[in-house]
Amino acid sequence: MSFTTRFAPSPTGGLHLGHAYSALLAFDAAREAGGRFLLRIEDIDQTRCRPEFERGVLEDLAWLGLSWEEPVRRQSEHFADYAAALDRLRQMGLLYRCFLTRREIAEASARAPHNEEHHSPPPYHGPQTPLNPEEENELLAEGRTFSWRLSMRRCREHLGGDFERLTFMEEGHGPAGQHGETSAHPEQGGDVILARKDTPTSYHLSVVHDDALQGVSHVIRGADLFASTHVHVLIQRLLDLPTPVYRHHRLLTGPDGKRYAKRDRSLTLAALRDAGETPSSIRARIGLLE
Ligand code: GLU
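Residues numbered from 1 in each chain as written. Predicted model: local features only at pLDDT ≥ 70, side-chain atom pairs only at ≥ 80, totals over all residues. Heavy atoms only, no water.

> Outline the environment of leucine 100, supporting the account with residue identities and numerical values.
Structurally, the position occupied by leucine 100 is in the loop between strand E4 (95-98) and helix H4 (102-110). Among the residues examined, leucine 100 registers a relative accessible area of 37% and is labelled partly exposed. Here the alpha-carbon distance between leucine 100 and arginine 144, two residues 44 residues apart in the chain, equals 9.5 Å. Sequence-distant contacts of leucine 100, that is, excluding residues within four places in its chain, are made with Ile105 and Tyr124. (Helix = DSSP H or I, 4+ residues; strand = E, 2+ residues; numbered from the N terminus. Buried < 20%, exposed > 50% of the residue type's maximum accessible area, 1.4 Å probe, protein only. Contact = heavy atoms within 4.5 Å.)

Have a look at this one:
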């Protein structure tokens, strides 16, 4: 299998040092392996992603010295592909409509312990009693909006014993030091959302679809996405897609000990460049040799 990896930013703001670390790790790994490096723009959230942010991302990455294959895949241009994948899971009877509001979900989840990880809202473990078709039709007739959730209970029934045997190869480290052959526990994230009314797909669905479509053999990304990987491994199995090797990397922290975030304007690559930093000094700051 030839080595193919990618950097997949969401253009919702300026890239910061944490992004530079992730992008350079992936780029360097591809170069060392004599493999391919892809850039994918994950802009399914059309309310938060903006073309000027995307232009900034491309500019920052080129300035850092990265190069990638063209054309760049832009997820917002492929909603039909994700709809087909969603439909397949729906035909398999693994999805259900969830009409609860964000607040109702938050209230339901507040009773259960949860973590604050990136892309991991408090897990929702499904309704006590599923809606019957009449109740559902009534809500639909009222025009109530809903999201499609993946039912962990039905996935477990569908896969039988294989559900407990889902694994992936971790070549990096999970947040608790996980390394090597790792068991996937997708149920820990609850019944994740795979599509919403305003975004007809989700991060989980589109990332799994695209990694397979683009032949990604190695996913190199932050340990904040480790919990998501467990869900991705399940979706890969359900859709008969290969599971790439994962390399989760540590998250860089700023001088205040907190993770870099898009809100830290002073630490965006654009701001650092304007302040006179060079691609080499950025590499030195994040501990990556050229
Ligand atoms: N688009 C995601 C983000 O910006 C990363 C996706 C991934 O690497 O799987 O957080």
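> Any details on the packing of helix H6 (residues 152-159) against helix H8 (residues 226-238)? Residues and values, ideally.
For the pair H6 and H8, the least separation of the axes is 12 Å and the interaxial angle reads 50°. Taken as axis vectors, H6 and H8 run oblique relative to one another. When you trace H6 past H8, the crossing you get is left-handed. Judged by residue contacts, Met152, Cys155, His158 and Leu159 of H6 engage Leu234, Arg237 and Leu238 from H8. Of the residues that constitute the contact of H6 with H8, the class distribution is five nonpolar, one polar and one charged. (Axes fitted to C-alpha atoms, helices over the stretch in contact; angles between N-to-C directions. Parallel < 35°, antiparallel > 145°, perpendicular 65-115°, else oblique. Left-handed = near helix turned anticlockwise from the far one by under 90°. Nonpolar A, V, L, I, M, F, W, Y, C, P; charged D, E, K, R; others polar.)

> Which residues make up the pattern of salt bridges, and what values go with them?
One pass over the full model with this rule turns up 25 salt bridges. As a salt-bridge pair, aspartate 28 and arginine 283 come within 2.9 Å of each other at their nearest N and O atoms. Separated by 255 residues along the polypeptide, aspartate 28 in helix H1 (residues 17-33) and arginine 283 in helix H10 (residues 279-285) bring together distant segments of the chain. By the burial criterion, aspartate 28 is buried, and arginine 283 matches it. Note that glutamate 164 is salt-bridged to arginine 156, the shortest N-O span being 2.4 Å. Residue classification places glutamate 164 among the partly exposed residues on the basis of a relative accessible area of 49%. Overlapping salt bridges, with partners in common, bring together Arg6, Arg40, Glu42, Arg73, Asp81, Asp210 and Asp211 in one network. (Salt bridge = Lys/Arg side-chain N within 4 Å of Asp/Glu carboxyl O.)

> Tell me what's going on with the pairing of strand E10 (residues 245-249), and back it up with residues and numbers.
A large share of E10 lies buried, amounting to four of its five residues. Two elements, strand E9 (residues 218-222) and E10, share five bridges in a ladder whose sense is parallel. Across the sheet, valine 219 pairs through a bridge with tyrosine 246, a residue of E10. What joins E9 to E10 is H8, and the crossover it makes is right-handed. (Pairing = 2+ DSSP bridges. Right-handed = clockwise from strand over helix to strand, strands pointing away.)

> With reference to specific residues and values, describe the sheet that holds E4.
The sheet built from three strands is open, its strands ordered E4-E5-E8 with antiparallel pairing. Each end of this open sheet is capped by a strand with a single partner; those strands are E4 and strand E8 (193-195). When strand polarity is set aside, the average angle formed by the axes of neighbouring strands in this sheet is 45°. Relative to E8, strand E5 (residues 147-150) is paired through two bridges, and the arrangement is antiparallel. Within the sheet, the bridge partner assigned to tryptophan 148 lies in E8 and is alanine 195.

> Explain the site of the ligand to me, and be specific about the residues and the numbers.
By nearness alone, eleven residues border the ligand, and Arg6, Ala8, Glu42, Tyr203 and Arg221 come closest of all. Between the ligand and alanine 8 there is a distance of 2.7 Å, counted from a nitrogen atom to a backbone nitrogen or oxygen. The contact in question runs from a nitrogen atom of the ligand to an N or O atom on the side chain of glutamate 42, over 2.6 Å. Relative to its unbound accessible surface of 300 Å², the ligand loses 88% to contact with the protein. Its residues assigned to classes, the shell around the ligand shows five nonpolar, three polar and three charged. (Near = heavy atom within 4 Å. Polar contact = N/O pair within 3.5 Å; in protein donor to acceptor, adjacent residues only side chain to side chain. Areas by Shrake-Rupley, 256 points an atom, 1.4 Å probe, with all protein chains shown as cover.)

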